[in-house]
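Commentary on secondary and tertiary structure
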Amino acid sequence: MVNLIVAIGQDNLIGKDNLLPWHYKEDMAYFKKMTMGKKVIMGEQTFKSILSYINKPLPGRTSVIATLTDYTYPGVEVTNDIIEYLENFPQEEEIFIIGGKIIYDLTLNLADRLYITHVNKEYDGNVFFKEIDYSNYVKISSKISGDLEFAIYEKV
């Protein structure tokens, strides 16, 4: 199953200068809980951003970097064709698309489930998620906590 996980703020904001525009411990814990033990696929810049935070790939997960360059990193899978990779991914296994913007744009229509943390507070940023046609999904779960709504949508 192909999952996409993202925190989206007002006006579809998702980033500021290759970083998150906000920091919610509860959202970080949710991200960790949902992706732990799974494969996570991301673009090269998102991977480098993670390295800048924790100096290593995300622990407890298998990282896959989607890039058009010859970038490599020890212990990490690399693909030069994210579409083919996801289309051939075993349906009985779970993979999470974790960003960034270009990767989200390329793969939104391939995701079976969207794990969206809606951030209901205004933040400054310069990277935006494309419009989601929610008529293609059914909301199967929702939990509100302060400024955050943790929602899961399944493709219909």
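Our structure's up above, just so we're on the same page.
Scope of this entry: the structure provided in the associated data block. (Residues numbered from 1 in each chain as written. Predicted model: local features only at pLDDT ≥ 70, side-chain atom pairs only at ≥ 80, totals over all residues. Heavy atoms only, no water.)

**Brief notes about the pattern of salt bridges**
Using the criterion set out here, one finds eight salt bridges in the structure. Linking Lys 38 and Glu 94 is a salt bridge whose minimum nitrogen-to-oxygen distance equals 3.7 Å. Within this pair, whereas Lys 38 is found in the loop between helix H1 (25-35) and strand S3 (39-43), its partner Glu 94 is found in the loop between helix H3 (82-87) and strand S6 (95-97), the two being separated by 56 residues in sequence. (Salt bridge = Lys/Arg side-chain N within 4 Å of Asp/Glu carboxyl O. Helix = DSSP H or I, 4+ residues; strand = E, 2+ residues; numbered from the N terminus.)

**Section: the nonpolar core**
Formed by 25 residues in total, the largest nonpolar core has its most connected members in Leu 4, Ile 41, Leu 114 and Phe 129. Listed by contribution, the elements that provide at least two residues to this core are strand S1 (2-8), strand S4 (62-66), H3, S6, helix H4 (101-107), strand S7 (113-119) and strand S10 (148-155). Tallying contributions element by element places S1 first for this core, with four residues. Excluding residues within four positions of it along the chain, Leu 114 makes contact with Leu 4, Leu 108, Ile 132, Tyr 137, Ala 151, Ile 152 and Tyr 153. Residues Trp 22, Leu 58, Tyr 71 and Val 119 belong to the second largest nonpolar core, which totals 23 residues. (Core = buried A, V, L, I, M, F, W, Y, C linked by side-chain atoms within 4.5 Å. Buried < 20%, exposed > 50% of the residue type's maximum accessible area, 1.4 Å probe, protein only. Contact = heavy atoms within 4.5 Å.)

**Digging into the sheet that holds S10**
The eight strands are arranged S5-S4-S3-S6-S1-S7-S10-S9 in an open sheet whose pairing can be described as mixed. Edge strands, defined here as strands with exactly one partner in the open sheet, are strand S5 (77-79) and strand S9 (137-145). Strand-to-strand twist of the sheet, defined as the mean angle between neighbouring strand axes without regard to direction, takes the value 20°. Here five bridges tie S3 to S4, and the two strands are oriented parallel to one another. Within S4, the position partnered with Met 42 by the bridge is Ile 65. Its contacts with the sheet place H1 against S1, S3, S6, S7, S9 and S10, and it is angled at close to 30° to S10. Strand contacts of helix H2 (residues 44-54): S3 and S4, with the helix running at about 110° to S3, the strand carrying the most contacts. (Pairing = 2+ DSSP bridges. Axes fitted to C-alpha atoms, helices over the stretch in contact; angles between N-to-C directions.)

**Re a nonpolar patch on the surface**
A surface patch of nonpolar side chains, amounting to about 290 Å² of accessible area, comprises Leu 19, Tyr 53 and Ile 54. Relative to the helices and strands, Ile 54 resides in helix H2. A relative accessible area of 34% means that Ile 54 is categorised as partly exposed. (Patch = residues over 30% accessible without salt bridge, like charges linked within 9 Å, V, L, I, M, F, W, Y side chains within 5 Å. Areas by Shrake-Rupley, 256 points an atom, 1.4 Å probe, with all protein chains shown as cover.)

**With respect to the pairing of S1**
Extensive coverage of S1 is indicated by the burial of seven of its seven residues. Residues of S1 alternate between two faces, with Val 2, Leu 4, Val 6 and Ile 8 on one and Asn 3, Ile 5 and Ala 7 on the opposite face, all of them buried. Looking at chain direction, S1 and S6 are connected through three bridges and run parallel. Among the inter-strand pairings, Asn 3 is bridged to a residue of S6, identified as Phe 96.

**Quick look at the packing of aromatic side chains**
Tallying each qualifying case throughout the model produces nine aromatic pairs. With centroids separated by 5.4 Å and ring planes inclined at 65°, the aromatic side chains of Trp 22 and Tyr 123 adopt a geometry described as edge-to-face. Of the two residues, Trp 22 is situated in the loop between strand S2 (13-15) and H1 and Tyr 123 in the loop between S7 and strand S8 (127-128); the sequence distance between them amounts to 101 residues. Between the aromatic rings of Phe 47 and Tyr 71, the centroid separation amounts to 6.2 Å while the plane-to-plane angle is 70°, which identifies the pairing as edge-to-face. With Phe 47 in helix H2 and Tyr 71 in the loop between S4 and S5, this pair connects stretches of sequence that are 24 residues apart. (Phe/Tyr/Trp six-rings, centres within 6.5 Å; stacked < 30°, edge-to-face > 60°.)

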